[in-house]
Amino acid sequence: MVNDDMDEEDEEVEDEQPLDTEASESFELDTPAERSGHIAVVDRNSMYVWGGYKNAQNHGFFDFYLPRNEIWTYNMESGVWTKHLAGGNLHTSMSGSCGVCVDGVLYLFGGHHARGNTNRIYRLPLRAPSLVWEEMRDLKGLPPSCKDKLGCWVQKNNPGRGWNNHIHILDLETSTWSQPNTKGNTPSPRAAHACATVGNRGYVFGGRYKNYRLNDLYYIDLDTWEWHEIVPQQGPLGRSWHSFTPVSPDHIFLFGGFTTDRETLSDAWLYYVSKNEWKPFKHSHTESPRLWHTACSGPDGEVFVFGGCANNLLSHHKAAHSNELLVFNVQPKSLVRFCMEAVLQHRERLSSYWDCLPKHLLHSLKQRMARVNTLGS
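Summary of the structure given here. Position numbers for residues count from 1 along each chain, tracking the sequence in the order it is written. Local features in this predicted model are restricted to residues whose pLDDT is 70 or higher, and side-chain atom pairs enter the listing and the counts only when it is 80 or higher, whereas totals over whole chains, interfaces and linings include all residues. With hydrogens and water excluded, all non-hydrogen atoms of the structure serve as input to the side-chain values.

**Some details on the overall build of the protein chain**
Working step 1: The helix and strand labels rest on DSSP assignments: H or I over at least four residues marks a helix, E over at least two residues marks a strand, and numbering proceeds from the N terminus. Counting secondary structure elements, the protein chain contains three helices and 27 strands.
Working step 2: For every accessible area listed, the method is Shrake-Rupley and the probe measures 1.4 Å; residues are considered covered only by the protein chains on display. Counting every atom, the protein chain has about 17,400 Å² of accessible surface; 49% of that belongs to carbon and sulfur.

Here's what the structure looks like:
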């Protein structure tokens, strides 16, 4: 579910208006440029990053959208960034879009560009020989209105999207938009909140309603479409522009965001689904506040937080957009991960036996070995 921004007459506008120009300045060759308002998804062992905007280097406080044809991948085994140039008919660069990966295909819906919001939807097959954007034009049913800062759940390979406190469903098999009839205790309209899918439940936490940032928690049963409000004790501060990432069937990881008092946060929390309980999560990135970043769950229990803004995005000061990758070890390492690390630690003694390993383990081991060599250890 989600909601885009409030109406124009609201006192506060939780948005920035980058120039109607794609950034053409030279970026780092080995890492993506700093950015906020981008999207990130995971397919297999790679994280894909697209879009958002950054500070212009020579134009005061103006911002530029990142190039629409530029996609960065981060290999979560080797730790290496790679830039790709995509073809196709993606019409413009944007921020605040909704991105989700289903069966190796990135779906991109909505977002904000210099001339307003959009309700176009695109698909990008990530496992094809070359990356090519395709606009999904011949969809049946009534599509959502134009919007940005929305969220998405995936249930039975169908991403659900909405605005205010409504829900839209896109059935990927029939290429049809629809709206379910929901019941129960519906959340208030909101913007810049965060969504997470756990089992058949779509969770929503926080977001902005008018000038207040909320700390309420809801879930909707994606089979019956009934809303439920959850009231755990002693939860996080109200916030918007945060991330809310499933890391197991029983845990959702919350990081960062922006408070009603316009403070950018660096705190982290774990929500325990079965216990209906919040617990603070201790970590080493307390000096790295973030808002409007992305967070993706990795294969070995990590959460990869990329980009975002480290200061008050709504102030008159220059935005501190980031290109730093913060890694949170949220879940215990798997037995395979421990074995991999032991083999790498004793690689001089064991490397002669590597060819006896199954191909997928050998490939993973070589990826990790390349990362060790890069770090010089």
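**Details of the side chain of serine 322**
Working step 1: Within the fold, serine 322 resides in the loop between β26 (302–306) and β27 (325–329).
Working step 2: To sort residues, take the accessible area from a 1.4 Å probe on protein chains only and compare it with the maximum for the residue type: under 20% means buried, over 50% means exposed, and anything in between is partly exposed. Taking relative accessible area as the criterion, serine 322 reaches 9% and is therefore assigned buried.
Working step 3: The definition of a polar contact used here is a pair of N or O atoms within 3.5 Å, where within protein one atom must be able to donate a hydrogen and the other to accept one, and adjacent residues in sequence count solely through side-chain atom pairs. A polar side-chain atom of serine 322 sits 2.9 Å from the main-chain amide nitrogen of glutamate 324.
Working step 4: Between two residues, a contact is recorded if the distance between any of their heavy atoms is within 4.5 Å. With residues up to four places along the chain from it excluded, the contact list for serine 322 reads Glu34, Arg35, Arg290, Gly307 and Gly308.

**Quick notes on unusual backbone geometry**
Working step 1: One non-glycine residue with positive phi stands out, namely aspartate 103, at about 50 degrees.
Working step 2: Turning to its location among the elements, aspartate 103 is positioned in the loop between β8 (98–102) and β9 (105–113).
Working step 3: For asparagine 276, which is not a glycine, the phi torsion comes out positive at approximately 50 degrees.
Working step 4: Relative to the helices and strands, asparagine 276 is located in the loop between β23 (264–272) and β24 (277–280).

**Some words on the sheet that holds strand β22 (residues 251–258)**
Working step 1: One open sheet holds the four strands; their spatial order is β21-β22-β23-β24, and the pairing between them is antiparallel. Since the sheet does not close on itself, it has two edges, and those belong to β21 (243–248) and β24, each with one partner. Ignoring strand direction, the axes of neighbouring strands in this sheet form an average angle of 25 degrees.
Working step 2: In this analysis, strands are considered paired if DSSP registers two or more bridges between them. Pairing between β22 and β23: seven bridges, direction antiparallel. Paired with isoleucine 252 across the two strands is tyrosine 271, which belongs to β23. Angular values range over 0 to 180 degrees, each being the angle between N-to-C directions of two axes fitted as lines to C-alpha atoms, with helices fitted over their stretch in contact.

**Digging into the pairing of β22**
Working step 1: For β22, a buried count of eight out of eight residues is recorded, marking the element as mostly surrounded by other parts of the structure.
Working step 2: Bridge count for β21 against β22 is five bridges, and the pairing is antiparallel. Note on β22: the bridge partner recorded for serine 243 is phenylalanine 255.
Working step 3: Hairpin connection of β21 to β22: two residues between the antiparallel strands.
Working step 4: Here β22 folds back onto β23, and the loop between the two strands holds five residues, one of which, arginine 262, carries a positive phi near 65 degrees.

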